[in-house]
Amino acid sequence: GIQVEQSPPDLILQEGANSTLRCNFSDSVNNLQWFHQNPWGQLINLFYIPSGTKQNGRLSATTVATERYSLLYISSSQTTDSGVYFCSKNPGAQKLVFGQGTRLTINP
Amino acid sequence: KAGVTQTPRYLIKTRGQQVTLSCSPISGHRSVSWYQQTPGQGLQFLFEYFSETQRNKGNFPGRFSGRQFSNSRSEMNVSTLELGDSALYLCASSGSETQYFGPGTRLLVL
């Protein structure tokens, strides 16, 4: 089946640091989305990025579809950035396939 | 626009019981998908409804079922609950390529 691999599984940083999260796909990158799961469990949309680069404040994402990976960059991390970050692809009919997530902990 | 809403937010049931969860999508969205999240299996797709029709189904037993109403609100039902059904159940609505998730329902089966 379709594989979505995220790395690293865990990341612990100090406030103010920068971080890069990676998502690899075994198949073509379709309708890629990045989410942040907050401590209450809700998945918050960060980016819909099937290709190219997008930026939103301190966050940016790049997808290289030809090489089947996507990167999420977080600059000047804040404690509120803590949580689990997921990438997903949509092979069709709104059926998202998720990676196992990267748990990010930002210490003050 | 109001976001996706799910009710109830928390639920405790015992083995053998059944449960119904509700999801109201973003206004204008016709697609509603359901996902189960557990520590062991991660986020897994349950099923997706569009205009009251199930378009796609994940690899879950028949105890898991759902439906969608004409106003796009959706319900999912789990019959004969098992301990392993304890999970966070998330629904998502979509108007195009992007899915927007609700806050989830935490189900604990004792």
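Scroll up to find the structure.
Residues numbered from 1 in each chain as written. Chains lettered and ligands numbered in written order. Predicted model: local features only at pLDDT ≥ 70, side-chain atom pairs only at ≥ 80, totals over all residues. Heavy atoms only, no water.

*Asks:* Quick question: what am I supposed to make of the side chain of Thr 102 of chain A here?
*Replies:* Residue and element names in this part refer to chain A. Relative to the elements of secondary structure, Thr 102 occurs in strand 11 (residues 102-107). Polar contacts involving the side chain of Thr 102 include one to the main-chain carbonyl oxygen of Pro 8, which spans 2.6 Å. Residues contacting Thr 102, with those up to four places away along its chain left out, are Gln 6, Ser 7, Pro 8, Pro 9, Leu 21, Gly 83, Val 84 and Tyr 85. (Helix = DSSP H or I, 4+ residues; strand = E, 2+ residues; numbered from the N terminus. Polar contact = N/O pair within 3.5 Å; in protein donor to acceptor, adjacent residues only side chain to side chain. Contact = heavy atoms within 4.5 Å.)

*Asks:* It is not clear to me how the state of the cysteines should be interpreted in this structure. Could you clarify?
*Replies:* Throughout this description, disulfide means a covalent bond between two cysteine sulfur atoms. Residues and elements named next belong to chain A. Evaluation of the coordinates by the stated rule reveals 2 disulfides over all chains. Linked covalently through their sulfurs, Cys 23 and Cys 87 form a disulfide whose S-S length is 1.8 Å. Taking the torsion about the sulfur-sulfur bond, which here is approximately 75°, the covalent link between Cys 23 and Cys 87 counts as right-handed. Separated by 64 residues along the polypeptide, Cys 23 in strand 3 (residues 19-25) and Cys 87 in strand 9 (residues 83-89) bring together distant segments of the chain. The exposure classification of Cys 23 matches that of Cys 87, with both residues buried. (Disulfide = S-S within 2.5 Å. Buried < 20%, exposed > 50% of the residue type's maximum accessible area, 1.4 Å probe, protein only.)

*Asks:* Can you help me understand the interface of chain B and chain A in this one?
*Replies:* When the parts of a complex come together, some accessible area is lost, and that lost area is often taken as the interface size. With 24 residues of chain B in contact, the opposing surface of chain A contributes 20 residues. Summing both partners gives a buried area of about 1,700 Å² for chain B against chain A, and 49% of it is carried by carbon and sulfur. Contact with chain A buries surface across chain B, with Leu 43, Glu 97 and Phe 101 of chain B losing the most and accounting together for 31% of the total. In this assembly, chain B and chain A are joined by 0 salt bridges. Our count for the contact surface shared by chain B and chain A stands at 5 residue pairs in polar contact (both at pLDDT 80 or more). Every element with two or more residues in the side of chain B that touches chain A is listed here: strand 4 (31-38), strand 5 (42-50), strand 6 (53-57), strand 9 (87-94) and strand 10 (99-101) of chain B. (Buried area = accessible area lost by both parts, 1.4 Å probe. Salt bridge = Lys/Arg side-chain N within 4 Å of Asp/Glu carboxyl O.)

*Asks:* Can you help me understand the sheet that holds strand 1 (residues 5-7) of chain B in this one?
*Replies:* Sheet strands pair via backbone hydrogen bonds, and the direction of the pair is either parallel or antiparallel. Residues and elements named next belong to chain B. Reading across the sheet, the 4 strands line up as 1-3-8-7 and stay open at both edges, with antiparallel pairing between neighbours. In this open sheet, the two edge strands, each paired with only one partner strand, are strand 1 and strand 7 (64-68). On average, each strand axis in the sheet is tilted by 20° relative to the strand beside it, whichever way the strands run. Taken together, the 5 bridges between strand 3 (residues 19-24) and strand 8 (residues 74-78) define a ladder with antiparallel strand orientation. Its bridge partner lying in strand 8, Ser 22 is registered against Glu 75. (Pairing = 2+ DSSP bridges. Axes fitted to C-alpha atoms, helices over the stretch in contact; angles between N-to-C directions.)

*Asks:* Just checking my understanding: could you explain the sheet that holds strand 8 (residues 69-74) of chain A for this structure?
*Replies:* Residue and element names in this part refer to chain A. If you walk across this open sheet you meet the 5 strands as 1-3-8-7-6, and the pairing is antiparallel. Edge positions in the sheet fall to strand 1 (4-7) and strand 6 (52-56), since each has one partner strand and no second. Across the sheet, the axes of successive neighbouring strands diverge by a mean angle of 15°, strand direction being ignored. Where strand 7 (residues 59-64) meets strand 8, 6 bridges bridge the pair, whose relative direction is antiparallel. Paired with Thr 63 across the two strands is Ser 70, which belongs to strand 8.

None of this, on its own, says anything about what the molecule does.
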